[in-house]
Amino acid sequence: DTYGVNMLAIDDGRPETMNLKQILNTFLEFQYRNMTKKYNVLLQKGMEKKEVQEGLIEACDVIDLIIAVLRGSKNMKDAKECLMTGNTEKIRFRVPGFEADAKNLHFTERQAAAILEMRLYKLIGLEIEALQAEYQETMKNIALYKDILENYDSMAAVIIKDMDEIKKE
């Protein structure tokens with residue numbers, strides 16, 4: 001028996017007649033592009049999360065100084081500026097030694113925002129340990145994302161795993 005099949009597919013926005021091998025190759029290239037986009041986004045989010053976590057971990061080490069900055073500032077803008085640039089002109093310190101230390105603060109904007117939004121219960125010893133454990137997990141994820149993006153075999157393994165899950169469904 002012979003079956004007629006219309007092997008028309010859209011490739012790069014234009015319709016094309018393809019044989020089975022071309023369709024499979026085009027599908028795999030499409031999957032590769034999608035996975036690359038997905039893992040680039042995950043990597044970017046992981047890097048942002050890492051930046052914030054590093055800032056929070058560093059802030060836990062100098063929390064007395066940060067509290068002095070917050071108590072001496074008139075508004076959030078002044079406190080954030082001091083955390084980011086070390087500018088202490090608008091901050092009134094109750095303890096004189098903190099002003100010199102505050103001039104050495106250089107957090108990024110994301111880190112400063114996260115520090116200002118941090119709740120005091122995060123200073124409990126177990127919470128700090130949890131933050132450090134979460135940071136280690138973020139670092140593992142970033143390493144995994146980089147490996148998938150830089151190594152074709154790793155990307156192929158991810159695509160195969162996804163195809164197997166679709167097959168099971």
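These remarks concern the structure in this document. (Residues numbered from 1 in each chain as written. Predicted model: local features only at pLDDT ≥ 70, side-chain atom pairs only at ≥ 80, totals over all residues. Heavy atoms only, no water.)

**Concerning empty space enclosed by the protein**
Right, on to step 1. Scanning the model with the defined rule gives one cavity of 30 Å³ or more in all.
Right, on to step 2. If you add up the space inside the largest cavity, you get close to 30 Å³.
Right, on to step 3. Every residue along the wall of the largest cavity is listed here: Asp78, Glu81, Asn87, Glu89, Lys90 and Ile91.
Right, on to step 4. The class makeup of the residues in the lining of the largest cavity is one nonpolar, one polar and four charged. (1 Å grid on protein atoms, 1.4 Å probe; cavity = no way out; pocket = protein on both sides within 12 Å on 5 of 7 lines; lining within 4 Å. Points joined across faces, edges and corners; volume = space filled by probe spheres on them. Nonpolar A, V, L, I, M, F, W, Y, C, P; charged D, E, K, R; others polar.)

**With respect to the layout of surface pockets**
Right, on to step 1. For the largest pocket, the calculated volume is near 170 Å³.
Right, on to step 2. Around the largest pocket, the lining residues are Asn25, Leu28, Glu29, Tyr32, Tyr152, Ala156, Ile159 and Ile160.
Right, on to step 3. Secondary structure elements with two or more residues in the lining of the largest pocket: helix H1 (20-61) and helix H7 (152-168).
Right, on to step 4. Taken together, the residues of the lining of the largest pocket break down into six nonpolar, one polar and one charged.
Right, on to step 5. In this structure, the second largest pocket encloses a volume near 150 Å³.
Right, on to step 6. Lining the second largest pocket we find Lys49, Val52, Gln53, Leu56, Cys60, Met118, Lys122, Glu127, Ala130, Leu131 and Glu134.
Right, on to step 7. For the lining of the second largest pocket, the elements supplying multiple residues, two or more each, are H1 and helix H6 (125-150).
Right, on to step 8. Of the residues forming the lining of the second largest pocket, the biggest block, five residues, is contributed by H1.
Right, on to step 9. Classifying every residue of the lining of the second largest pocket by side-chain character gives six nonpolar, one polar and four charged. (Helix = DSSP H or I, 4+ residues; strand = E, 2+ residues; numbered from the N terminus.)

**Details of the packing of H1 against helix H5 (residues 109-117)**
Right, on to step 1. H5 packs onto H1 with a crossing angle of 55° between their chain directions and a minimal axis gap of 8 Å. As judged from the angle between their axes, H1 and H5 are oblique. Two packed elements cross with a definite hand, and for H1 against H5 that hand is right-handed. Mapping the contact onto sequence places Glu48, Glu51, Val52, Glu54, Gly55, Leu56 and Ala59 in H1 and Arg110, Gln111, Ala114 and Ile115 in H5.
Right, on to step 2. The class makeup of the residues in the contact of H1 with H5 is five nonpolar, two polar and four charged. (Axes fitted to C-alpha atoms, helices over the stretch in contact; angles between N-to-C directions. Parallel < 35°, antiparallel > 145°, perpendicular 65-115°, else oblique. Left-handed = near helix turned anticlockwise from the far one by under 90°. Contact = heavy atoms within 4.5 Å.)

Taken by themselves, the reported measurements are silent on function.
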